[in-house]
Amino acid sequence: QVQLVESGGGLVQAGGSLRLSCAASGCTFSTYAMGWFRQAPGKEREFVAAITRGGGTTLYAESVKGRFTISRDNAKNTVYLQMNSLKPEDTAVYYCAASLSLLLKSMMSMNAMEYWGKGTLVTVSS
């Protein structure tokens with residue numbers, strides 16, 4: 001059974017930074033592309049970032065490009081999301097997801113994801 005467990009969320013002031021982690025178990029981590037999505041109160045879940053199985057290619061939503069960085073450590077079965085210059089509009093529950101898709105761009109759709117974590121809350125105060 002594949003499990004994804006997010007951590008690192010919390011309360012931060014605008015302009016601050018947080019690093020989210022997502023630890024995977026029950027799978028061969030390196031065979032999955034990984035992604036981060038977020039869902040703000042009253043809004044639909046949206047794509048944030050994705051990374052290929054080997055970590056060589058990344059993809060970002062326009063709203064976070066230049067501020068967020070996705071990375072992974074296959075030896076630790078963990079994917080990260082470094083979030084800098086946070087804004088109040090980044091407030092959301094952040095979800096980690098895993099996909100067998102070989103096409104990174106397809107991971108912008110939730111339909112491409114096989115497994116999901118339960119999320120971690122990020123709150124950015126103004």
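Residues numbered from 1 in each chain as written. Predicted model: local features only at pLDDT ≥ 70, side-chain atom pairs only at ≥ 80, totals over all residues. Heavy atoms only, no water.

(A) Geometry of the overall build of the chain. A tally of helices and strands in the chain yields zero helices and eleven strands. Radius of gyration (C-alpha) of the chain: 13 Å, near the 14 Å computed for a compact globule of 126 residues. Principal-axis analysis of the C-alpha atoms gives the chain an extent of 40 × 25 × 25 Å. Taken across its 126 residues, the chain has 42% of its residues classed as buried. For the chain, the share of sequence-separated contacts (at least 6 apart) that also reach a separation of at least 24 residues comes to 59%. (Helix = DSSP H or I, 4+ residues; strand = E, 2+ residues; numbered from the N terminus. Rg over C-alpha atoms; globule rule 2.2 N^0.38 Å. Buried < 20%, exposed > 50% of the residue type's maximum accessible area, 1.4 Å probe, protein only. Contact = heavy atoms within 4.5 Å.)

(B) Highlighting the pattern of salt bridges. Enumeration over the complete set of coordinates arrives at four salt bridges. The residue Asp90 makes a salt bridge to Arg38 at a minimum N-O spacing of 2.9 Å. Placement of Asp90 in the loop between strand E8 (78-83) and strand E9 (92-99) and of Arg38 in strand E4 (residues 33-39) is noted, with a sequence separation of 52 residues between them. For Asp90, a relative accessible area of 1% translates into the label buried. (Salt bridge = Lys/Arg side-chain N within 4 Å of Asp/Glu carboxyl O.)

(C) A look at the sheet that holds strand E1 (residues 3-7). An order of E1-E3-E8-E7 is seen for the four strands of this open sheet, with the pairing classed as antiparallel. Looking along the sheet, the strands with just one partner apiece sit at the ends: E1 and strand E7 (68-73). When strand polarity is set aside, the average angle formed by the axes of neighbouring strands in this sheet is 15°. As paired elements, strand E3 (residues 18-25) and E8 share six bridges and run antiparallel to each other. Counted as the bridge partner of Cys22 is Val79 from E8. (Pairing = 2+ DSSP bridges. Axes fitted to C-alpha atoms, helices over the stretch in contact; angles between N-to-C directions.)

(D) Here's a closer look at the pairing of E4. Counting buried residues along E4, six of its seven residues qualify, which places the element largely inside the surrounding structure. Direction of pairing for E4 relative to E9: antiparallel, over a ladder of seven bridges. In the strand pairing of E9, Arg38 is matched with Tyr94. Of the pairings in the sheet, the one linking E4 to strand E5 (residues 46-51) comprises five bridges and is antiparallel in character. Directly across from Trp36, in E5, lies its bridge partner Ala49. The antiparallel hairpin formed by E4 and E5 contains six residues in its connecting segment, where Gly42 sits at a positive phi of about 75°.

(E) Spatial organisation of the nonpolar core. With 38 residues, the main nonpolar core has Met34, Trp36, Val79, Leu81, Met83 and Tyr94 as its most contacted residues. Elements that contribute at least two residues to this core include exactly E3, E4, E5, E7, E8, E9 and strand E11 (120-125). (Core = buried A, V, L, I, M, F, W, Y, C linked by side-chain atoms within 4.5 Å.)

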